[in-house]
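Summary of the model geometry
The primary structure of each chain is shown beneath.
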Amino acid sequence: SVGDARWRMAYMPQIELVQWDFPVTVADVVMMGRYPRLGLFRRPGREDREAVRRALDKVRLGDLAQRQISELSGGEQRRVLIARALTGDPQVVLLDEPMTGLDASAQHDMIALLHELVAEGRTVVAATHDLSCVAAEFELALLLNRRVVAFGPPRDVMTQAVLNETFNRHMLWVNVDGRVYAVHG
């Protein structure tokens, strides 16, 4: 049912959709992931606080729980949003542009976390324009342009012809030292 499925899924929005200067702590933001389970008038209890602690530990931010959200780096803020999504122990995690604005080190940490979630048996679905990341790190790719253009392992579906059709422009696929990069012309 839709009701059952709702508790098995979690969503991490794009960072641009969050007002980071709102005066709340990291733990407060992560607790927001529990609100749908709490209902209208119930206050968070021990189980909810434990879920927040586990989620923060999972993203390696447990020591920052009482810090103001505005004091965190971009990579740390992304990990807070993932922790918020994980508080309900979802089977499916939906991520909207998880790599946007992250430096190389933070991207590496994010990829490691996503691989860890998959190793736990979760399904991770990420909407992204970072084609190099998809080619190097994801098991499957779904290319869309008002319809499904291609679906399958990146090495099979991320061809020059498919990228041209997906983006309505000439794309060049370059392999450098085992890393794949998409370049548009």
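Reading the values: the criteria
- Residues numbered from 1 in each chain as written.
- Predicted model: local features only at pLDDT ≥ 70, side-chain atom pairs only at ≥ 80, totals over all residues.
- Heavy atoms only, no water.
- Helix = DSSP H or I, 4+ residues; strand = E, 2+ residues; numbered from the N terminus.
- Buried < 20%, exposed > 50% of the residue type's maximum accessible area, 1.4 Å probe, protein only.
- Contact = heavy atoms within 4.5 Å.
- Areas by Shrake-Rupley, 256 points an atom, 1.4 Å probe, with all protein chains shown as cover.
- Pairing = 2+ DSSP bridges.
- Right-handed = clockwise from strand over helix to strand, strands pointing away.
- Expected span 1.5 Å × (residues − 1).
- pLDDT = per-residue confidence, 0-100.
- Arc of directions from axis to C-beta.
- Polar contact = N/O pair within 3.5 Å; in protein donor to acceptor, adjacent residues only side chain to side chain.

A short note on the overall build of the chain
Check the secondary structure of the chain and you find nine helices and seven strands. Each principal axis of the C-alpha atoms in the chain carries an extent, and together these give about 55 × 40 × 30 Å. By the burial criterion, 39% of the 185 residues in the chain qualify as buried. A separation threshold of at least 6 residues defines the contact pool for the chain, and within that pool the share at least 24 residues apart is 56%. Within the structure as shown, the chain displays about 11,000 Å² of accessible surface, and the carbon and sulfur contribution to it stands at 52%.

Thoughts on the environment of Leu131
For Leu131, the location among the structural elements is in helix α7 (residues 131-137). Each C-alpha atom of the pair Leu131 and Leu163 lies 9.6 Å from the other, and the pair is 32 residues apart in sequence.

Some thoughts on the pairing of strand β2 (residues 92-96)
Alignment of strand β1 (residues 9-12) against β2, held across four bridges, turns out to be parallel. Its bridge partner being in β2, Ala10 is matched across the sheet by Val93. As a crossover connection, the stretch from β2 through helix α6 (residues 104-119) into strand β3 (residues 123-127) is right-handed.

Here we look at helix α5 (residues 74-86)
If you check α5, its first and last C-alpha atoms are 19 Å apart, about what 13 residues at 1.5 Å a residue would give, namely 18 Å. Burial of α5 is extensive: ten of the 13 residues sit out of reach of the surface. By the burial criterion, the buried members of α5 are Gly75, Gln77, Arg78, Arg79, Val80, Leu81, Ile82, Ala83, Ala85 and Leu86. Structurally, α5 contributes buried residues whose contacts are with β1, α2 (26-31), α4 (46-58), β2 and α6.

Some thoughts on unusual backbone geometry
Phi at Asp89 is positive, roughly 55°, even though this residue is not glycine. As for its position among the elements, Asp89 is in the loop between α5 and β2.

Digging into the confidence of the model for the chain
Confidence in the prediction for the chain averages 87 pLDDT; 90% of positions are at 70 or higher. No element of the chain has a lower mean pLDDT than strand β7 (residues 179-184), at 62, and none a higher one than strand β5 (residues 148-152), at 96.

A few points about α6
In this model α6 runs 22 Å from its N-terminal to its C-terminal C-alpha over 16 residues, within 8% of the 22 Å that 1.5 Å per residue would give. Every buried residue belonging to α6 is among Ala106, Met110, Ile111, Leu113, Leu114 and Leu117, and all of these are buried. Here the buried residues of α6 occupy an arc of 160° about the axis, which is enough to place them on one side. Those residues of α6 that are exposed and aimed more than 90 degrees away from the buried face are Ala104, His108 and Ala119. On its buried side, α6 packs onto α4, α5, β2, β3 and α7. A distance of 3.2 Å separates the backbone nitrogen of Ser105 from a side-chain oxygen at the start of α6, and that oxygen is part of Asp103. The positive-phi residue at the C-terminal boundary of α6 is Gly121, with phi of around 100°.

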